[in-house]
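For reference, the chains in residue letters:
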Amino acid sequence: MGSRKRKTRRYSTEYVGKASGVAWYDREQGPRWRQGAADPERLEETYEEWIAMAEQAIHEIEATGMLIERVPVDTEELIAWCNEQGRPIDGAAGAEFAGHQFRKLHLSD
């Protein structure tokens with residue numbers, strides 16, 4: 001079975017300015033994220049709990065009219081980025097990293 005490459009969409013600067021990327025982790029990376037997190041006690045216990053929380057948060061944000069895109073985040077890349085930035089590995093860092101990845105996906109040449 002071949003691997004499926006995610007099709008990258010390009011959006012206008014106006015769209016990207018109105019949209020936000022949300023960090024989206026896959027099941028396999030959950031334990032590594034939790035292991036590296038500065039605040040593991042604040043994280044959901046299971047991937048299923050995290051999915052439910054994330055989907056609810058996205059639903060609430062989209063209800064305000066904001067455009068949301070799930071941005072696949074590689075945990076190792078996030079941890080490296082946090083270390084480079086000298087910041088803790090936490091939800092705020094994940095959100096900022098996802099925003100950078102979102103803009104890079106849609107605005108880079």
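Thresholds applied
- Residues numbered from 1 in each chain as written.
- Predicted model: local features only at pLDDT ≥ 70, side-chain atom pairs only at ≥ 80, totals over all residues.
- Heavy atoms only, no water.
- Helix = DSSP H or I, 4+ residues; strand = E, 2+ residues; numbered from the N terminus.
- Buried < 20%, exposed > 50% of the residue type's maximum accessible area, 1.4 Å probe, protein only.
- Polar contact = N/O pair within 3.5 Å; in protein donor to acceptor, adjacent residues only side chain to side chain.
- Contact = heavy atoms within 4.5 Å.
- Expected span 1.5 Å × (residues − 1).
- Phe/Tyr/Trp six-rings, centres within 6.5 Å; stacked < 30°, edge-to-face > 60°.
- pLDDT = per-residue confidence, 0-100.
- Salt bridge = Lys/Arg side-chain N within 4 Å of Asp/Glu carboxyl O.

Trainee: So what's going on with the side chain of Gln 29? Which residues, and what values?
Mentor: One can find Gln 29 in the loop between β1 (19–24) and α2 (30–36). Residue class for Gln 29 comes out buried when judged on its relative accessible area of 17%. Of the polar contacts made by the side chain of Gln 29, one reaches the backbone nitrogen of Thr 75; its length is 2.5 Å. If we skip the residues at most four places from it in the chain, Gln 29 touches Val 73, Asp 74 and Thr 75.

Trainee: Help me get a handle on helix α5 (residues 91–107), residues and values and all.
Mentor: Look at α5: 24 Å from first C-alpha to last across 17 residues, which is about the 24 Å you get at 1.5 Å a residue. Every buried residue belonging to α5 is among Ala 93, Gly 94, Phe 97, Ala 98, Gly 99, Gln 101, Phe 102 and His 106, and all of these are buried.

Trainee: Break down the packing of aromatic side chains for me, with residues and values.
Mentor: All chains considered together, the criterion is met by 4 aromatic pairs. Relative to Trp 50, the ring of Tyr 25 has its centre 5.6 Å away and its plane inclined at 65°; by these criteria the two rings are edge-to-face. Taken together, the positions of Tyr 25 in the loop between β1 and α2 and Trp 50 in helix α3 (residues 47–63) put the pair 25 residues apart, joining distant regions of the chain. Take Tyr 25 and Trp 50: they sit in the same class, and that class is buried. Centre to centre, the rings of Tyr 47 and Trp 50 are 5.8 Å apart; their planes meet at 35°, and the pair counts as tilted. Note that Tyr 47 and Trp 50 are positioned in helix α3 at a spacing of 3 residues, about one turn of the helix. The exposure classification of Tyr 47 matches that of Trp 50, with both residues buried. Aromatic rings pair up to connect Trp 24, Tyr 25, Tyr 47 and Trp 50 into one cluster.

Trainee: Explain the confidence of the model for the chain to me, using residue names and the numbers behind them.
Mentor: A residue-level look at the chain finds 82% of positions with pLDDT of 70 or above and a mean pLDDT of 81. Confidence scores differ between elements of the chain, with helix α1 (residues 13–18) showing the lowest mean pLDDT of 54 and helix α4 (residues 75–85) the highest of 93.

Trainee: Any details on the environment of Gly 30? Residues and values, ideally.
Mentor: Counting through the fold element by element, Gly 30 comes out in helix α2. For Gly 30, a relative accessible area of 25% corresponds to the partly exposed category.

Trainee: So, the pattern of salt bridges: which residues are in play, and what are the values?
Mentor: In this structure the tally under the stated criterion is 6 salt bridges. One salt bridge in this structure joins Arg 70 and Glu 55, with 2.7 Å as the shortest N-O distance. Taken together, the residues span a long stretch of sequence, with Arg 70 in strand β2 (residues 67–72) and Glu 55 in helix α3 at a distance of 15 residues. Assessed through its relative accessible area of 33%, Glu 55 is described here as partly exposed. Glu 96 is the salt-bridge partner of Arg 87, the closest N and O atoms lying 2.5 Å from each other. Arg 87 sits in the partly exposed class, given a relative accessible area of 24%.

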